Amino acid sequence: MLNSKPLYNKFMSIEDNVFQRYSPDFDKFENYGFKKAGKVFTIEKSFKNDLFKACITIDDSGKVSGTVFDLENNDEFLPLRVENNQGAFVCDVRAAYEDILKDIRDNCFTREYFIFPQSNRITNLVIKKYGNKPEFLWDKFKGSGVFRNPETNKWYLAILDVDRSKIQAGKKGLVEVADIKLSPEHIEKLIKQEHFYPGYHMNKKYWMTIILDDSVRDEKIMELIEESHSFTVKKTKGNV
């Protein structure tokens, strides 16, 4: 059973936190008010009674960045980015800026199951192959989805968001990982290779982990998922 603490994405910017698990629908941008210059979309919005202005840019990969200006001083409002600055005024400005971002997100972006591209590609391949969508079972672990065979209720895949240091010592940053159930013999061989790790928060004898950062090809991951899924199939007299 998953028993890690929820990961609050302290390594992410305000924009990344708002837009994680969302992908852009570029066809909606210009109607919303974005201006396009080359491969970049930009929009400016004044807020807090025109005391502040947000300049927001979205590139062709969907990456959102923004700068908030204090119009009274005609300078960037730097306290917005200071995480431990929790003064009432700064928090109020930060919340108002987040509301602008959320409105853009809700009108111009589409909700995804997970944060990173490979996680969503694998999810779509699993849905196509087995018809099983991820289940998000825990309020405390909103980014953790499990896939199970509905005939037996057994898990064959879990995708979790964790700090990279949990998998690779000395490295930091948010990643998503796939936990896959395999035979102990297969796991023993795989974890001797690069990019394959003992199961994160699972029984390491039967589960192994891959970081979903394109270090392992989709095709290879799907081969392993197929083996994992085979363990969940209801046994009959003919295949006992």
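For the structure, check the block above.
The present account deals with the structure reproduced in this document. (Residues numbered from 1 in each chain as written. Predicted model: local features only at pLDDT ≥ 70, side-chain atom pairs only at ≥ 80, totals over all residues. Heavy atoms only, no water.)

Focus: the pairing of strand β10 (residues 174-181)
Across the eight residues that make up β10, a large majority, seven, are buried. Pairing of β10 with strand β12 (residues 207-211) involves five bridges; the strand directions are antiparallel. Across the sheet, residue Ile 180 finds its bridge partner in β12, namely Met 208. (Buried < 20%, exposed > 50% of the residue type's maximum accessible area, 1.4 Å probe, protein only. Helix = DSSP H or I, 4+ residues; strand = E, 2+ residues; numbered from the N terminus. Pairing = 2+ DSSP bridges.)

Some points on the pattern of salt bridges
Summed over all chains, the structure comprises 12 salt bridges. Between Asp 161 and Arg 21 there is a salt bridge; the shortest N-O distance is 3.0 Å. Taken together, the positions of Asp 161 in strand β9 (residues 154-163) and Arg 21 in the loop between α1 (14-19) and β1 (22-24) put the pair 140 residues apart, joining distant regions of the chain. Accessibility classification places Asp 161 together with Arg 21 in one group, the buried group. Close ionic contact of Arg 164 with Asp 213 constitutes a salt bridge, the shortest N to O distance being 3.4 Å. Of this pair, Arg 164 sits in the loop between β9 and β10 while Asp 213 sits in the loop between β12 and α6 (218-230), placing them 49 residues apart in sequence. Taking the relative accessible area as the measure of exposure, Arg 164 reaches 17% and is therefore buried. One salt-bridge network, in which partners are shared between bridges, spans Arg 121, Asp 214 and Asp 218. (Salt bridge = Lys/Arg side-chain N within 4 Å of Asp/Glu carboxyl O.)

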